[in-house]
Amino acid sequence: MAKNRNTSLLESELYYLISRFLTTGPCRRAAEVLASELEEYQLLPGRLDWLGNEHPRTYEDVVAANRHIAPDHLLQICKQIGPLLDKEVPSCVPGVHSLLGSGKQSMLRTPKDCDSVRFKASSYAALHRGRPPERPLNCKNPPHLVKVHRGRELTGVQRFSSINPVSNYEHMRLHRRILGHLSAVYCIAFDRTGLRIFTGSDDCLVKIWSSFDGRLHSTLRGHSAEITDLAVNYENTLIAAGSCDKTIRVWCLRTCAPVAVLQGHSGSITSLQFSPFAKGSKRYMLSTGTDATVCFWQWDVNNINFSDRPHKFTERPRPGVQTVCSSFSPGGIFLATGSTDDVIRIYYLGSGSPEKISELHEHTDKVDSIQFCHSGERFVSGSRDGTARIWKLHQRQQWRCILLNMSATLPGAEAMSEEESYFKPKVTMVAWDRHDNTVITAVNNHLLKVWNSYTGQLLHILKGHEAEVFVLEPHPFDPRIILSAGHDGNVFIWDLQRGTNTQHYFNMIEGQGHGAVFDCKFTPDGQRFACTDSHGHLLVFGFGSSKPYDKLPDQVFFHTDYRPLIRDANGFVLDEQTQQAPHLMPPPFLVDVDGNPHPPRYQRLVPGRENIAAEHLVPQLGYVATSDGEVVEQVISQQTAEHEEVTVRRSSLLDEAIRQLREQQDRQNQPGREAALGAGAGPVGLAEAQGPAMAPAPSTPRRVSVNDRADVQSPPNVGLRRSGQVEGVRQMHQNAPRSQMATERDLQAWRRRVVVPELSPSTYRDQEDIRASKGDEEVALYNAKKRRIIYSSCRDDSDDEPPTTKRTHGRSDTVDIMDLSCEGEETASSEVHSEDNELDGSDLESSNDEEWNSDSSRWHSPPIWYPKQPHVQRVLGLDGRRRY
């Protein structure tokens, strides 16, 4: 036989180890035969001389040269392979090692092989105790949807994690970024159908957008200061906006007509929401303010009639206290509020009228975030003392809490550095997942912490943000998903089960750095979410194609957005130029941030102008469209003297009197205005001095050249403006003509429009029944806890208990369960104003002014009371959010 000279050294050593292993077992004859064949075919490791030449060796020579090798050396090697491989690539059955295994148990497995493992079709059709099998956590690839749905057809059931894996959310992308406001936008909300987006900005406007294609449907005007919160009622018929001007305005969503202007606060509105409470036709809307008041506004769902005087609770144990956050229970029976005096107050709506039932004093610093769970009577509160507490109603109407210490770390984590040990954590936002199994807290060290809501155990620490986080938004139906956003411009979608980041977006604005994200909301179906930022942008994310948004320009304003308004004694407004209510004005035009109209193809995006010819779109603003689509400015109106005479004769006597009175007032104010301009008034002063009253007379043809327009045009930059710059869109009331040349067809289409569609009757009834049943459960639970006191003893000894004192808790990782004897606590400083003894608006203002003047040496004015100074730091609680 030919000698084998192609054997590698590793193979020769393996042959030798096999023969040595056989010598110690029962197969000794096989070992002798193998040793003789190894010598015959020269398969044993050879010997090298000093010149490097290889020489064959006998079996006995190899054994003598390797006396350190035991006969069971090969067996020991095989025993160590399994544990070492498990550390790198875990097997499906830990601790079980086999040289003959396959798949995840194979000794030849690699990470790539394990990641590419997929469930077979039969696996999705299998059932274990009536339920489909759970996919292993290390199966990273999404399941095959065809096989998943085929398995559901065969078994009738399927796991939600298989039908909708978390990896699907990686496909959510930015559809469009729209500049629609001239200032930061702190508030955003969806209607109950998810078809409309509402944004409230510091430019005093509330805008209604389409979530499908981004079109601007309407602008709600009336507020004179920054918008602080928005709320949509559960019937999807009303939207309410709170503002720093101390008022609440309510509009009809179908027609955008104003419904009510509520003036019950003497400070800025900090939170605003409709109660889920549904009993008969009576409904409640809640508002809190920097004046430390909690107002319950009662309204009727049938005639949408709001009461003029709210049921008010004034919670001011000392000057300077503010109520900054609030949250309703799922049934609307309980309300929890947090304030700057470290106290949580609980209100009850199940006895016919609101009443305060408890005060919780466990926190040692401001409580600025609070949130009820989605089902049940639990709520979580976050404080600047570095703790969050999960509260639950127990016997004797007491509220127990589980302490969540923000200094806690995961087991096995590295010890904190000396610098971190001196850092004081503060809770900036709290939230629940959709199934209330976990609580998520945002800390001022830019971390998110996920806790078990029943035990208080820390489950995950989510890292990724580089600045404080004030937005935590759970998915509307998926308990695994939560969205976070912060002042660093980052938007994250997190997987709460694994504690990992699923999707990430950075809000980078070209030429201006990043924009801080101030608010974010999901649509009710979870298919889209929208964000607002510090530069006035609206960002729409979602699944699917972005093609419907491609028709929209980057800057979307109506030319009437910033026109001056006239206010009556009740707070309702009229457009100063047209003397009409804003919702009754003709259809507006789309312009950019500098006030320049968009081309005709964009004007058709305005509701009511879809079918208008191009030649009738832009000339109403003094511009014409050329054949190539460019917009050129021209003479605004060339009305003849005869036409003016006919117009004057047709005008009513009242209109003529108003015109004469305005001209007389202009002549009286002319010297003062010239003096102001002569003193070197800046662009802002010039714009204010040249108000609508200084527009040329209608009979005078006005001609504006392109060069003249270039002299007064605003700088082309968008977003936040420097002090002294005047946005072009704010000057539209100077350039626009007095008469809107809208046709009767325009006005009819504008009147017939439905801005926000109503809920279907079946959907509305189902949702109302669900809310009513949850409310009944909460009332029954509260009464059961109350009756338990009577049945257990003959008297209630809560009055004999000493008052609860505030305790300071150390930073321990343990969970503290506490009993709080807070039943019916009423402090002397808590004043309840019912409808019988409520002061009217004038009395409220005068009494507040006198109190302020008398205690001015002790009071510190909250920065939010100076909205005209953008450089002043502002702190506002909007469901726990701070405003900077």
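See the structure shown above.
Because the structure is predicted, anything quoted here is derived from the model rather than measured.

*Asks:* What is the right way to read helix α2 (residues 28-40) from this model?
*Replies:* Residues lying three or four places apart along an α-helix face the same way, a consequence of the helix completing one turn every 3.6 residues. Taking 1.5 Å per residue, 13 residues should reach 18 Å; α2 reaches 18 Å between its end C-alpha atoms and fits that length. Within α2 the residues assigned to the buried category are Ala31, Leu34, Ala35 and Leu38. Along α2, the residues classed as buried sweep out an arc of 100 degrees about the axis, all on the same side. Along α2, the residues that are exposed and aim more than 90 degrees away from the buried face are Arg29 and Glu32. Lining the buried residues of α2 we find α1 (9-23) and α3 (59-65).

*Asks:* Would you mind going over the pattern of salt bridges with me for this structure?
*Replies:* Once their charged atoms are close, side chains differing in charge can pair, the charge on each being opposite to the other. A complete count under the given rule lists 19 salt bridges for this structure. Between Glu359 and Arg345 there is a salt bridge whose closest N-O contact spans 3.4 Å. With a gap of 14 residues between them, Glu359 in strand β20 (residues 355-360) and Arg345 in strand β19 (residues 344-348) connect regions that are remote in the sequence. Both residues of the pair, Glu359 and Arg345, belong to the buried class.

*Asks:* Honestly, α1 in this entry has me stumped. Any pointers?
*Replies:* End to end, α1 covers 22 Å across 15 residues, agreeing with the expected 21 Å (1.5 Å per residue, within 8%). Along α1, the residues classified as buried are Ser12, Tyr16, Leu17, Ser19 and Arg20. Projected down its long axis, α1 carries its buried residues within an arc of 160 degrees, all on one side. Check the buried side of α1 and you find it contacts α2, α3 and α4 (73-88).

*Asks:* Which parts of the structure should I look at to understand the packing of α1 against α2?
*Replies:* To describe two helices that pack against each other, one gives the angle between their axes and the distance between the axes. Between α1 and α2, the least distance of the axes is 8 Å, while the angle of their chain directions is 155 degrees. Here α2 runs roughly antiparallel to α1, going by the angle between their axes. α2 is crossed by α1, and the crossing has left-handed handedness. Residues Tyr15, Ile18, Ser19, Leu22 and Thr23 of α1 form the contact with α2, whose own contacting residues are Arg28, Ala31, Leu34 and Leu38. Tallied by class, residues from the contact of α1 with α2 come to six nonpolar, two polar and one charged.

*Asks:* Any chance you could explain the packing of α1 against α4 here in plain terms?
*Replies:* Interhelical geometry of α1 versus α4 gives an angle of 110 degrees and a closest axis separation of 8 Å. With respect to α4, the element α1 is oriented roughly perpendicular. Between α1, through Leu14, Leu17, Ile18 and Phe21, and α4, the contact on the second element is made entirely by His73, Leu74 and Leu75. Considering only residue class, the contact of α1 with α4 consists of six nonpolar, one polar and no charged.

*Asks:* Can you help me understand the pairing of strand β37 (residues 537-542) in this one?
*Replies:* Note on strand geometry: in a regular strand, side chains alternate between the two faces of the sheet. Among the six residues in β37, six count as buried, and that is most of the element. Taking every second residue as pointing to the same face, both faces of β37 are buried, with His537, Leu539 and Phe541 on one and Leu538, Val540 and Gly542 on the other. For strand β3 (residues 173-179) and β37, the ladder comprises six bridges, and the chain directions are antiparallel. Bridged to Arg176 within β37 is Val540. Between the end of strand β36 (residues 528-533) and the start of β37, which pair antiparallel, lie three residues, with Gly536 showing a positive phi angle near 90 degrees.

*Asks:* I'm lost on empty space enclosed by the protein in this one. Help?
*Replies:* Think of a ball as big as a water molecule: rolled over the atoms, this probe shows where empty space is left. For the structure on display, the rule yields six cavities of 30 Å³ or more. Estimated volume of the largest cavity: approximately 280 Å³. Thr219, Leu220, Arg221, Pro582 and His583 are, among the 23 residues lining the largest cavity, the residues nearest its centre. At the level of elements, β7 (216-220), β10 (248-252) and β11 (258-262) are the ones that each hand at least two residues to the lining of the largest cavity. Broken down by class, the residue content of the lining of the largest cavity amounts to 15 nonpolar, four polar and four charged.

Analysis parameters
- Residues numbered from 1 in each chain as written.
- Predicted model: local features only at pLDDT ≥ 70, side-chain atom pairs only at ≥ 80, totals over all residues.
- Heavy atoms only, no water.
- Helix = DSSP H or I, 4+ residues; strand = E, 2+ residues; numbered from the N terminus.
- Expected span 1.5 Å × (residues − 1).
- Buried < 20%, exposed > 50% of the residue type's maximum accessible area, 1.4 Å probe, protein only.
- Arc of directions from axis to C-beta.
- Contact = heavy atoms within 4.5 Å.
- Salt bridge = Lys/Arg side-chain N within 4 Å of Asp/Glu carboxyl O.
- Axes fitted to C-alpha atoms, helices over the stretch in contact; angles between N-to-C directions.
- Parallel < 35°, antiparallel > 145°, perpendicular 65-115°, else oblique.
- Left-handed = near helix turned anticlockwise from the far one by under 90°.
- Nonpolar A, V, L, I, M, F, W, Y, C, P; charged D, E, K, R; others polar.
- Pairing = 2+ DSSP bridges.
- 1 Å grid on protein atoms, 1.4 Å probe; cavity = no way out; pocket = protein on both sides within 12 Å on 5 of 7 lines; lining within 4 Å.
- Points joined across faces, edges and corners; volume = space filled by probe spheres on them.

Function cannot be read off these values alone, since they describe shape.
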